[in-house]
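Coordinate inspection notes
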Amino acid sequence: MALMPARVKYRKNQRGRRKGTAYRGATVAFGEYGLQALENVWLTNIQIEAARVALTRHLQRGGRVWLRVFPDKAVTKKPAETRMGKGKGAVDHWVSVIQRGRMLFEIEGVPETVAKEAMRLAAHKLPLKTRFVSRHHQHRI
């Protein structure tokens, strides 16, 4: 099942700009270790789910995992070989707008070495640079 909102106020969003630094959601708040974004990107629902699966598979049902991002922005796309005009395209997929410093995932209840390896595997599924942070050694961007 794909991550997407159950309801939205507006079906089609404007694109906006990918810039700035995350002031909210930039610290390890729930778990012991976190995966922090170092770039501004759009993360698709498929990418978030792939990273989550890689993370939980490595933990083998041990520990606890938090997803700190949710794809709530609709991205539209017009069909291939369509002429200009005729309005905005239909919703194609959902993305989460990620700013530098944003915490993507958090883990607790596992040793640091296991957490580090799980986060490394999850990071390989994502199209951005990330870093591993712990609750005791947090970095502001």
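Remember, it's a predicted structure, so these values are computed and weren't measured experimentally. Per-chain numbering applies: the sequence of each chain, read as written, is numbered from 1 onward. Under the rules for a predicted model, residues below a pLDDT of 70 receive no local features and side-chain atom pairs below 80 are neither given nor counted, while totals for whole chains, interfaces and linings still include all residues. The side-chain numbers reported here are obtained from all heavy atoms of the structure, hydrogens and water having been left aside.

Our next topic: the sheet that holds strand β5 (residues 90-98). Pairing in this open sheet of three strands is antiparallel, and the strands run β2-β5-β4 from one edge to the other. The open sheet has two edge strands, β2 (41-44) and β4 (73-77), and neither has a second partner. Taking the axes of each pair of neighbouring strands and ignoring which way they run, one obtains an average angle of 50° across the sheet. Inspection of the sheet shows β2 paired to β5 by four bridges, in the antiparallel sense. Of the residues in β5, the one forming a bridge with Val41 is Ile98. Taken strand by strand, helix α1 (residues 45-59) contacts β2 and β5, and its axis lies near 70° from that of β2. Between any two strands, pairing holds if DSSP finds at least two bridges. Strands here are runs of E lasting at least two residues and helices are runs of H or I lasting at least four, both read from the DSSP assignment and numbered beginning at the N terminus. Axis lines are fitted through C-alpha atoms, for helices just across the contact stretch, and the angle between N-to-C directions can take any value from 0 to 180 degrees. Only heavy atoms enter the contact rule, under which two residues are in contact if any of them lie within 4.5 Å.

Within a sheet, neighbouring strands are paired by backbone hydrogen bonds and run either parallel or antiparallel to one another. Read from one edge to the other, the open sheet built from four strands follows the order β3-β6-β1-β7, with strand pairing classed as antiparallel. The open sheet has two edge strands, β3 (64-67) and β7 (130-134), and neither has a second partner. Across the sheet, the mean angle from the axis of one strand to that of its neighbour is 20°, orientation sign disregarded. Two strands pair when backbone bridges link them, and strand β1 (residues 33-37) and β7 are joined in this way by five bridges, in the antiparallel orientation.

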